Every structure is written in C-alpha cells, then in structure tokens.
Amino acid sequence: MYLFSKLVHLFRVWRKYNDSLRELSRLGDRELADIGIMRADIQQIAWDAAKAE
C-alpha cells in the first residue's frame, strides 16, 4: 500500500511540474520579465512549485 501511495504522489508532483513548465514556457520574454523570471529559470521554478504542494 505504501508503494502505491508513493507512486501516486510522484505522479501528482510530476503532473504539477509539467503543467507549470508548460504554462511558463508559453509566456514571452517580456511577460516573464514582468514577473521576475528568466527563461533559464523556468525548469527550477516549476520543480520547486510542484514539490511545495
């Protein structure tokens, strides 16, 4: 049972990461600059957001 719940958790984290990554990647450089994000930081920001929840 523990393994199944761990797999579900990892899948949810991966989905949140992927969703955040996709949304941030769609923004233009100007929009990213407006919110204080550099394009090179998108992956780390998306990963941090996914792990935080």
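In this text the structure is predicted, and so the values were computed from the model without any measurement.

Student: Help me understand the overall build of the protein, please; the structure alone is not making it clear to me.
Tutor: A tally of regular secondary structure across the protein gives 3 helices and 0 strands. Computed over its C-alpha atoms, the radius of gyration of the protein comes to 13 Å, more than 25% above the 10 Å expected for a compact globule of 53 residues. The principal-axis extent of the C-alpha atoms belonging to the protein is close to 45 × 15 × 15 Å. Burial statistics for the protein: of 53 residues in total, 17% are counted as buried. In the structure as shown, the protein presents an accessible area of about 4500 Å², 57% of it carried by carbon and sulfur atoms. Here the protein contributes 9 positive and 8 negative side-chain charges, whose respective centroids are spaced 9 Å apart.

Student: Whenever I open this one, helix 3 (residues 42-52) confuses me. Can you help?
Tutor: Counting along an α-helix, one turn takes 3.6 residues, and residues three or four places apart therefore face a common direction. Here helix 3 has its buried residues at I42, A46 and A50. Seen along its axis, helix 3 keeps its buried residues to an arc of 60°; they face one direction.

Student: Sorry, what's going on with the nonpolar core here?
Tutor: Nonpolar side chains in soluble globular proteins generally cluster together in the buried interior. Residues V13, Y17, L21, L24, L32, I37, I42, A46 and A50 constitute the largest nonpolar core, which totals 9 residues. Elements supplying a minimum of two residues to this core: helix 1 (2-26) and helix 3. Take this core: its biggest share by element is 4 residues, from helix 1. Look past the residues within four positions of I37 in its chain and what remains in contact with it is L24, L32, I42 and I45.

Student: I would appreciate a short explanation of the UniProt feature "domain: YjiS-like" (unreviewed entry) in the protein in the present structure.
Tutor: Under the local residue numbering, the UniProt record ascribes the feature "domain: YjiS-like" (unreviewed entry) to residues 7-43. End C-alpha to end C-alpha, residues 7-43 measures 22 Å, and it is 76% helix and 0% strand.

Student: Hey, could you run me through the environment of M38 in this one?
Tutor: Its location among the elements puts M38 in the loop between helix 2 (29-34) and helix 3. On the basis of relative accessible area, M38 is assigned to the exposed category, the value being 57%. Sequence separation of M38 and N18 is 20 residues, and the distance between their C-alpha atoms is 18 Å.

Analysis parameters
By convention here, each chain's residues receive numbers from 1 onward along its written sequence. Two thresholds apply to this predicted model, a pLDDT of at least 70 for residue-level local features and 80 or more for giving and counting side-chain atom pairs, whereas whole-chain, interface and lining totals are computed over all residues. Processing note: side-chain calculations cover all non-hydrogen atoms of the structure and skip hydrogens and water entirely. The way it works is that DSSP assigns letters per residue, a run of H or I at least four long becomes a helix, a run of E at least two long becomes a strand, and they are numbered from the N terminus. Radius of gyration here is computed from C-alpha atoms only, and the compact-globule reference equals 2.2 Å multiplied by the residue count raised to the power 0.38. Think of it in three bands: with a 1.4 Å probe and only protein chains considered, a residue is buried below 20% of the maximum accessible area for its type, exposed above 50%, and partly exposed in between. Accessible surface area values rest on a Shrake-Rupley calculation with a 1.4 Å probe, where residue burial reflects the displayed protein chains alone. A positive count includes Lys and Arg, and a negative count includes Asp and Glu. His and the chain ends are not counted in either. Positions of charges follow a simple convention, taking NZ of Lys, CZ of Arg, CG of Asp or CD of Glu. Each C-beta atom gives one direction from the helix axis, and the arc is the one those directions make. Residues belong to one nonpolar core when they are buried, are Ala, Val, Leu, Ile, Met, Phe, Trp, Tyr or Cys, and are joined through side-chain atoms within 4.5 Å. Residue contacts are defined here by distance: any two heavy atoms, one from each residue, within 4.5 Å place the two residues in contact. UniProt positions are given in the numbering used here, feature names are shortened, and annotations may be inferred rather than shown by experiment.

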